[in-house]
Amino acid sequence: VGFIVFMAMLLYPLCLFIRTHRWSSLWSTLGIIHISGFMVFSLTDASTFIKGNYASIFLVFLILIYSQAIKSMKNVVSDD
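Please read these numbers as outputs of a predicted model, since none were measured by experiment.

Reading the values: the criteria
Residues numbered from 1 in each chain as written. Predicted model: local features only at pLDDT ≥ 70, side-chain atom pairs only at ≥ 80, totals over all residues. Heavy atoms only, no water. Helix = DSSP H or I, 4+ residues; strand = E, 2+ residues; numbered from the N terminus. Expected span 1.5 Å × (residues − 1). Buried < 20%, exposed > 50% of the residue type's maximum accessible area, 1.4 Å probe, protein only. Patch = residues over 30% accessible without salt bridge, like charges linked within 9 Å, V, L, I, M, F, W, Y side chains within 5 Å. Areas by Shrake-Rupley, 256 points an atom, 1.4 Å probe, with all protein chains shown as cover. Salt bridge = Lys/Arg side-chain N within 4 Å of Asp/Glu carboxyl O. Core = buried A, V, L, I, M, F, W, Y, C linked by side-chain atoms within 4.5 Å. Contact = heavy atoms within 4.5 Å. Axes fitted to C-alpha atoms, helices over the stretch in contact; angles between N-to-C directions. Parallel < 35°, antiparallel > 145°, perpendicular 65-115°, else oblique. Left-handed = near helix turned anticlockwise from the far one by under 90°. Phe/Tyr/Trp six-rings, centres within 6.5 Å; stacked < 30°, edge-to-face > 60°.

Caption draft 1: Just helix H2 (residues 25-44), in detail. Taking 1.5 Å as the rise per residue, H2 with 20 residues should run 28 Å; its terminal C-alpha atoms sit 29 Å apart, in good agreement. Looking at H2, one finds that the buried residues are Ser-28, Gly-31, His-34, Ile-35, Gly-37 and Phe-38.

In structure tokens, the structure reads:
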């Protein structure tokens, strides 16, 4: 169950960033790099999500990047 939740926490936002890449390429690319970086770091370091500091940094930056991606996507769609 823990592995499924962990993968959902990583792959769901990654899929959303891939889907919104057409409308907000800068923020979506930043989000893809952010999530991919944490996935790669998790291969070699077990403390990236076990310790609270890394998880909070991941979530804070994920929220900021995702909100900017959605905001820029809405601006592009409303301009059309």
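Caption draft 2: Structural detail: a nonpolar patch on the surface. Together, Ile-57, Val-60, Phe-61 and Leu-64 line one region of the surface with nonpolar side chains, adding up to about 360 Å² of accessible area. By the secondary structure assignment, Phe-61 is in helix H4 (residues 52-79).

Caption draft 3: Region of the structure containing the nonpolar core. Listed in full, the nine residues of the largest apolar core are Leu-10, Leu-14, Phe-17, Ile-35, Phe-38, Phe-58, Leu-62, Ile-65 and Ala-69. Residue assignment for this core shows that the elements contributing at least two residues are helix H1 (2-19), H2 and H4. With four residues, H4 is the largest single contributor of residues to this core. In this view, Leu-62 contacts Pro-13, Phe-17, His-34 and Ile-35; residues no more than four positions away in its chain are not counted.

Caption draft 4: Here's a closer look at the packing of H1 against H2. Between H1 and H2, the least distance of the axes is 8 Å, while the angle of their chain directions is 155°. Judged by the angle between their axes, H1 and H2 are roughly antiparallel. Between H1 and H2 lies a crossing whose hand is left-handed. Residues Phe-6, Leu-10, Leu-11, Pro-13, Leu-14, Phe-17 and Ile-18 of H1 form the contact with H2, whose participating residues are Trp-27, Ser-28, Gly-31, Ile-32, Ile-35, Ser-36, Met-39 and Ser-42.

Caption draft 5: The arrangement of the packing of aromatic side chains in detail. Evaluation of the coordinates by the stated rule reveals two aromatic pairs. Relative to Tyr-66, the ring of Phe-17 lies with its centre 5.9 Å away and its plane at 75°, an arrangement referred to as edge-to-face. With Phe-17 in helix H1 and Tyr-66 in helix H4, this residue pair connects regions lying 49 residues apart in the sequence. Residue Tyr-66 is classed as partly exposed on the basis of its relative accessible area, which comes to 32%. Here the aromatic rings of Phe-38 and Phe-58 are separated by 4.9 Å at their centres, their planes lie at 65°, and the arrangement is edge-to-face.

The values are spatial; any link to function lies outside them.
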